[in-house]
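Working through the structure, step by step
The chain contents come next:
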Amino acid sequence: MRERDLVWNKLEKARQKFNRTSILEQFQKDPQRHDVFSFRLNNLFVDLSKNLIDQQVLKDLQELATIQEVDKIREGLFSGAILNNTEKRPALHVALRTPKSSVITVEGINIVPAVHRQLEEMMSFAELIRSGYKKGLTDRRFTNILHIGSGGSLTGPMMVLKALTSYQTPHIQIDFVGNADSSDLQAKLRKLDPATTLVVIASKTFSTQETILNAETMKKWMLERLGPSALSKHFVAITGNKNRANSFGIVDENIFEIWEWVGGRFSLWSAVGLTIVLGIGSENFKEFLRGARAIDEHFQNTAPEMNLPLILGMLEIWYTSILNFGSRAIIPYDHRLQNFVSYIQQLEMESNGKSVDKLGNKMTKKTAAVVWGAEGTNAQHSFFQLLHQGTSVIPCDFLIAAVSDEEFTGHQEVLLANCLAQSRALMTGRNLKATTKKLGDSGLSDKDSNRLAPHSSFAGNRPSTMFLFKQLTPNILGQLIAIYEHKAFVQGALWNINSFDQWGVELGKELTNEILPLLQNKTLASNLDPSTANLMEEVFRFRK
Ligand code: F6P
């Protein structure tokens, strides 16, 4: 039997142990548990001790990481190896936050100088807009930015700007449009004045259907109001396809390049971050990059036992492929991190939601869990019932700041108390006996206590990870995102899958292109399946 299979078997056996023990028992058995499973780095404290794991499982997972040569693949990540084997490209988002002195070569050319040149260019462009020096066609300063994009070309800037609301300049309002549904764009347009609006179109391919549809509608809207000369002053493109942006009408000096080696879901560190700089300014953006860089260094240089992204990635393998947990919830106790959930959803599910390995062999293990969640405390009043008492075990990631930068006192304590209490309740639970006693103590009769106890007792032993940070700063946000990026990378390396392609989104796009002309021409095609054909007939009937 291959070495790798032996370790998987060992992990399978360890699962049985976890059917018989609890996290609380693990704390009793291992007095060092809290130290072993908690990490302090750069104003960030990550507590993994409330997870269904022990030191032995961690060792077995490390053995798997050694066999899978995760360290060698990691070296490839940082040095520009062709990790995206299906598309024959490196995945070099880490180059976008590397210091000027680094050398990373792609096809024999050191890309680091170009990265820093572009960063300078986008920062100076953004500062000219922010200061009001660069104006619109009618010589009025820009007060609004409309960012159009999809997937990684949208969610990154959208998530960061929401998270860093308190760092945003008040005199520039930034809105985002992604959906093909025109009600999204319409709602945004109602409050925009064309003379003071700058449109940023972000699309690596410059061919994503929704993005181009919104961009064309926006162009029409703008040109009808300001005339054709508005195109050169009011439109910016961030793209890997300069020709298409030119054909759209965008002038060269307003085009920022997305290099081929920047994956869409990792692109917020690239020129796609222009909108972030427009919102929070160059210094804050540099701080954001520095946060991510600190995690890159930690990930590259820290021993396996203390390497946070490595351990988080391994834990996820244990949960998904061995304990068979199908999903994981991300619950930021911070309203400003509400878009963080969908951002990580794309990062993890688009990266690792695959059924074949790098070589195209069918996976025998379950891969990427469904990532979902919502902000606390709101989520406590919706899906927490299932987290506490449902039949599925769903590991949770909690994220919270110790210090709030908001002005109302008392709120952060309530938020913290809720967050800590929820993770504690998930772990400790409350058994039938204790619940019956509690109900009796509250004055209920024995009969009622016994009747209600099964409903209000909690099995507990439900795992969670706590990301506690001092304050939600650009640096901390950069760190958090980079931790999740590297964690997803580790998962891919352990499963031996390509985390950097996304073929799974293609079929839907192709079939949309088949259905769209049918809808436009009000016809059916003989190759449609009966259900889709019926649905289209219903559409035609409704539209009559
Ligand atoms: O959803 C598929 C995808 O290719 C993502 O990976 C990407 O972030 C998004 O579409 C947008 O692509 P583009 O930047 O080319 O418009």
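Above this text sits the structure in question.
Residues numbered from 1 in each chain as written. Predicted model: local features only at pLDDT ≥ 70, side-chain atom pairs only at ≥ 80, totals over all residues. Heavy atoms only, no water.

1. Looking at the site of the ligand
The ligand sits among 13 residues. The nearest are Ser153, Ser203, Thr205, Thr208 and Glu350. Take Thr205: an N or O atom from its side chain is 2.6 Å from an oxygen atom of the ligand. Considering the ligand on its own, with 390 Å² of exposed area, one finds that the protein chains cover 86% of that surface. Mapping the ligand onto the cavity grids shows that it belongs to the largest pocket. For the shell around the ligand, the elements supplying multiple residues, two or more each, are helix H7 (152-163) and helix H15 (340-352). In terms of residue class, the shell around the ligand is made up of one nonpolar, 10 polar and two charged. (Near = heavy atom within 4 Å. Polar contact = N/O pair within 3.5 Å; in protein donor to acceptor, adjacent residues only side chain to side chain. Areas by Shrake-Rupley, 256 points an atom, 1.4 Å probe, with all protein chains shown as cover. 1 Å grid on protein atoms, 1.4 Å probe; cavity = no way out; pocket = protein on both sides within 12 Å on 5 of 7 lines; lining within 4 Å. Sits in = over half its atoms within 2 Å of the grid points. Helix = DSSP H or I, 4+ residues; strand = E, 2+ residues; numbered from the N terminus. Nonpolar A, V, L, I, M, F, W, Y, C, P; charged D, E, K, R; others polar.)

2. Some points on helix H9 (residues 209-226)
A rise of 1.5 Å per residue sets the reference length of H9, with its 18 residues, at 26 Å; its end C-alpha atoms lie 25 Å apart and thus fit the reference within 8%. Of the positions making up H9, those classed as buried are Thr211, Ile212, Asn214, Ala215, Met218, Lys219, Trp221 and Met222. At the exit of H9 stands Gly227, carrying a positive phi of roughly 90 degrees. (Expected span 1.5 Å × (residues − 1). Buried < 20%, exposed > 50% of the residue type's maximum accessible area, 1.4 Å probe, protein only.)

3. With respect to the pattern of salt bridges
Tallied over the full model, the rule gives 32 salt bridges. A salt bridge links Arg89 to Glu260; the shortest N-O distance between them is 3.9 Å. Here Glu260 lies in the loop between strand E9 (255-257) and helix H12 (274-280) and Arg89 lies in the loop between helix H5 (70-79) and strand E3 (105-106), a separation of 171 residues in the sequence. What makes Glu260 exposed here is its relative accessible area of 52%. The partner of Lys487 in a salt bridge is Glu316, with the nearest N and O atoms 3.3 Å apart. With a gap of 171 residues between them, Lys487 in helix H20 (residues 474-495) and Glu316 in helix H14 (residues 308-322) connect regions that are remote in the sequence. Where salt bridges share partners, they join Glu316, Arg328, Glu348, Asp397 and Lys487 into one cluster. (Salt bridge = Lys/Arg side-chain N within 4 Å of Asp/Glu carboxyl O.)

4. Details of the layout of surface pockets
Reported here for the largest pocket is a volume of approximately 1200 Å³. The wall of the largest pocket is formed by 44 residues, among which Thr205, Thr208, Val505, Glu506 and Lys509 lie closest to the centre. A per-element tally of the lining of the largest pocket places helix H21 (residues 506-521) first, with seven residues. Here the residues of the lining of the largest pocket are counted per class, giving 13 nonpolar, 21 polar and 10 charged. (Points joined across faces, edges and corners; volume = space filled by probe spheres on them.)

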